[in-house]
Amino acid sequence: MARPARATQAQQGGGVQHLDAMSANLLKESGPREVFCGLTSIVWLHRRMPDAFFLVVGSRTCAHLIQSAAGVMIFAEPRFGTAILSERDLAGLADAHDELKRVVRDLLARRPEIRTLFLVGSCPSEVIKLDLARASEQLNQEMEGRVRVVNYSGSGIETTFTQGEDGALSALVPMLPTSTERQLLLVGTLADAVEDRLITLFKRLGIDTVRSLPPRQSTDLPPVGPGTKVLLCQPFLSDTTRRLRDRGAEILPAPYPLGAEGSRLWMEAAAQAWDINAAQIRATLDPLMERARLALEPHRQKLAGKRIFLLPESQLELPLARFLQRECGMDLVEVGTPYLNRDLMRSELELLPDGTRVMEGQHVEQQLDRVRDARPDLVVCGMGLANPLEAEGIATKWSIELVFSPIHGIDQAGELAELFSRPLHRHQLLAAGRQC
Ligand code: SF4
């Protein structure tokens, strides 16, 4: 495929714009989108920090969204909720500020175990210009350190899906203590078991001080400063990264820890920053790579040569595409992403085959037309599109599962591949059954 050098075309609403490219073919489109808003990230963030509470300041729509996304978890002791803006608030008849502070005081009186309260902005709170930053500041003064009140936006106007986590973490960065201690900071939510395993492996390599943001307890914030070297566990942390840099941290350039190859390069980036010798790296990582190769093999047999189309949702699409192409032998039809930070994706873009069609943004109707024209073997998409595409005979994989599953690290490469081989295999079995 030809490699466009500069912006050549821009059309209004739904046009496709060619951008400067590295080896990939970087494109941009705008129009109707089929994505979650940033509120959804509360579902995994509240599990990570059990002493925190997420209070959305929004409408009944926002409350319905979180309850649907969280599924059965709404029946457990809830650690998230919605302060619903009433018509009186929206019409300016009540002082929404005072109402909100009253709701917060009630909540904290009933739930004394809450240590950090996230006030999460939504579309309605933004549209009526409710100043949550000022409310947080006033509540912080009132609480005198008993509870920390933090504010960020998860609105659909400003954020897409995983960008909600970026908002929450970047809001925490100014609160991190300052330290010049030499440490490795893993940034981005990981499953606890995956985090434990990675810390063990870093220690085996010779990196002893490893901390995480977000921490498991919201009060246990890691320090940051000029001795901090950061490995990003997730690709959607643009604002958090910028704020960590402002605090003196160094971001280690690396692909993301998805798949065996990406995870190895990610760990090696830290090992090199700590001047660990090549023999030690090989002794630690080679056996893991061999195990991953064996675990990947049955899935590679099912996936190799198959064509995959990834619709934009989580910003995980580029690292996943790189893994599926390089380690599972899949062909990439199109790799969608809601937002492309070229600086944070540089290492990923370099590993994609020349001419890979990377589409930033979305015009969902046009994208679906391209899916239908290309008839890929597998489409990664949101739940709203999956069943309709299945009904058209196209196999799909729900992208939301990828943010809830423990997919990071060399050890998880086989399981990650299985998330794609399983729906493809099921689709083939059903198709064979229909022919009988
Ligand atoms: S924040 Fe906006 S997009 Fe998200 S549920 Fe509320 S109204 Fe909808």
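This text follows the structure it describes.
Residue indices follow the written sequence of each chain, beginning from 1 at its first position. With pLDDT at 70 or above as the cut-off, local features in this predicted model cover only qualifying residues; side-chain atom pairs require 80 or more to be listed or tallied, and sums for whole chains, interfaces and linings still use all residues. Excluded from the side-chain calculations are hydrogens and water; all other atoms, namely the structure's heavy atoms, are used.

Asker: Hey, could you go over the site of the ligand for me, with residue numbers and the actual values?
Answerer: All residues adjacent to the ligand are C37, L39, C62, L65, S122, C123, P124, S155 and G156. Segments assigned H or I by DSSP are reported as helices when at least four residues long, segments assigned E as strands when at least two residues long, and all are numbered from the N terminus. Breaking the shell around the ligand down by element, the ones donating at least two residues are helix 2 (60–70) and helix 5 (123–127). Proximity is defined per residue: if any heavy atom of the residue lies within 4 Å of a molecule or strand, that residue is considered near it.

Asker: Report on the environment of G382, specifying residues and quantitative values.
Answerer: On the secondary structure map, G382 appears in the loop between strand 14 (378–381) and helix 15 (383–391). Judged by its relative accessible area of 11%, G382 is buried. C-alpha separation for the pair G382 and Q412, spaced 30 residues apart in sequence, amounts to 23 Å. Any two residues whose heavy atoms approach within 4.5 Å at even a single point are treated as in contact. Among residues more than four places away in sequence, those in contact with G382 are E313 and S399. Think of it in three bands: residues with accessible area under 20% of the maximum for their type are buried, residues over 50% are exposed, and the middle band is partly exposed, with areas taken using a 1.4 Å probe on protein chains only.

Asker: So what about the pairing of strand 14? Which residues, and what values?
Answerer: Taking every second residue as pointing to the same face, both faces of strand 14 are buried, with L378 and V380 on one and V379 and C381 on the other. One requirement defines pairing of two strands: DSSP has to find at least two bridges between them. In this structure, strand 14 lies alongside strand 15 (residues 396–398), joined through three bridges in parallel fashion. By the bridge assignment for strand 15, V379 is matched with T396. Each parallel crossover has a hand, and the one from strand 14 via helix 15 to strand 15 is right-handed. Here a crossover is taken to be right-handed if, once the strands point away from the viewer, the path from the first strand over the helix to the second is traced clockwise.

Asker: If you had to explain the sheet that holds strand 4 (residues 80–84) to someone new, which residues and values would you point to?
Answerer: Overall, parallel pairing links the four strands, which are arranged 4-3-5-6 in an open sheet. The open sheet has two edge strands with one neighbour each: strand 4 and strand 6 (148–153). Going across the sheet, the axis of each strand differs from the next one's by a mean of 25 degrees, ignoring polarity. For helices, the fitted axis covers only the stretch in contact; all axes are lines through C-alpha atoms, and the angles between them, taken along N-to-C directions, range from 0 to 180 degrees. Against the sheet, helix 2 touches strand 3 (52–58) and strand 4, its axis set at about 165 degrees to strand 4.

Asker: Which residues make up the sheet that holds strand 7 (residues 183–187), and what values go with them?
Answerer: Ordered by their spatial adjacency, four strands build an open sheet running 8-7-9-10, and the pairing between neighbours is parallel. The open sheet has two edge strands with one neighbour each: strand 8 (210–213) and strand 10 (250–251). Pairing of strand 7 with strand 8 involves four bridges; the strand directions are parallel. The residue of strand 8 that forms the bridge with V187 is L213. Contacts between helix 8 (residues 192–205) and the sheet are confined to strand 7, strand 8 and strand 9 (228–232), with strand 8 contributing the most and set at about 150 degrees to the helix. Across the sheet, helix 9 (residues 238–246) lies against strand 7, strand 8, strand 9 and strand 10, angled at about 160 degrees from strand 7, the strand it touches most.

Asker: How would you explain the packing of helix 8 against helix 10 (residues 259–273) if you had to name every residue and give the values?
Answerer: The N-to-C vectors of helix 8 and helix 10 enclose an angle of 40 degrees; their axes lie 11 Å apart at closest approach. Taken together, helix 8 and helix 10 sit at an angle that is classed as oblique. The interaxial crossing formed by helix 8 with helix 10 has right-handed handedness. Residues L198, L201, F202 and L205 of helix 8 touch helix 10, and the partners they reach there are W266, M267, A270 and A271. Oblique is the label for any angle not under 35 degrees, not over 145, and not in the 65 to 115 range, which are roughly parallel, roughly antiparallel and roughly perpendicular in turn. Crossings are classed by handedness, with left-handed meaning an anticlockwise turn of the near helix from the far one by less than a right angle and right-handed meaning a clockwise turn.

Asker: I'd like to hear about the pairing of strand 9, residue by residue, with values.
Answerer: Counting buried positions along strand 9 gives five out of five residues, so the element sits mostly inside the fold. Summarising the sheet, strand 7 and strand 9 pair through five bridges and their orientation is parallel. Bridge pairing in strand 9 places L185 opposite V230. Taken together, the two bridges between strand 9 and strand 10 define a ladder with parallel strand orientation. Opposite K229, over in strand 10, you have E250 as the bridge partner. Traced from strand 9 through helix 9 to strand 10, the parallel crossover comes out right-handed.

Asker: Can you lay out the pattern of salt bridges for me, pointing to particular residues and giving the numbers?
Answerer: When a carboxyl oxygen of Asp or Glu lies within 4 Å of a side-chain nitrogen of Lys or Arg, that pair is called a salt bridge. Under the defined criterion, the tally for this structure stands at 29 salt bridges. The shortest N-O distance in the salt bridge between D192 and R48 comes to 3.0 Å. One end of the pair, D192, is in helix 8; the other, R48, is in helix 1 (residues 42–48), and 144 residues separate them in sequence. Under the relative-accessibility criterion, R48 is labelled buried at 7%. A salt bridge links D106 to R102; its shortest N-O distance comes to 3.9 Å. Placement of both D106 and R102 in helix 4 (residues 96–110) is noted, with a separation of four residues, approximately one turn of the helix. Members of the salt-bridge network, linked through shared partners, are R48, D192, E195, D196 and R216.

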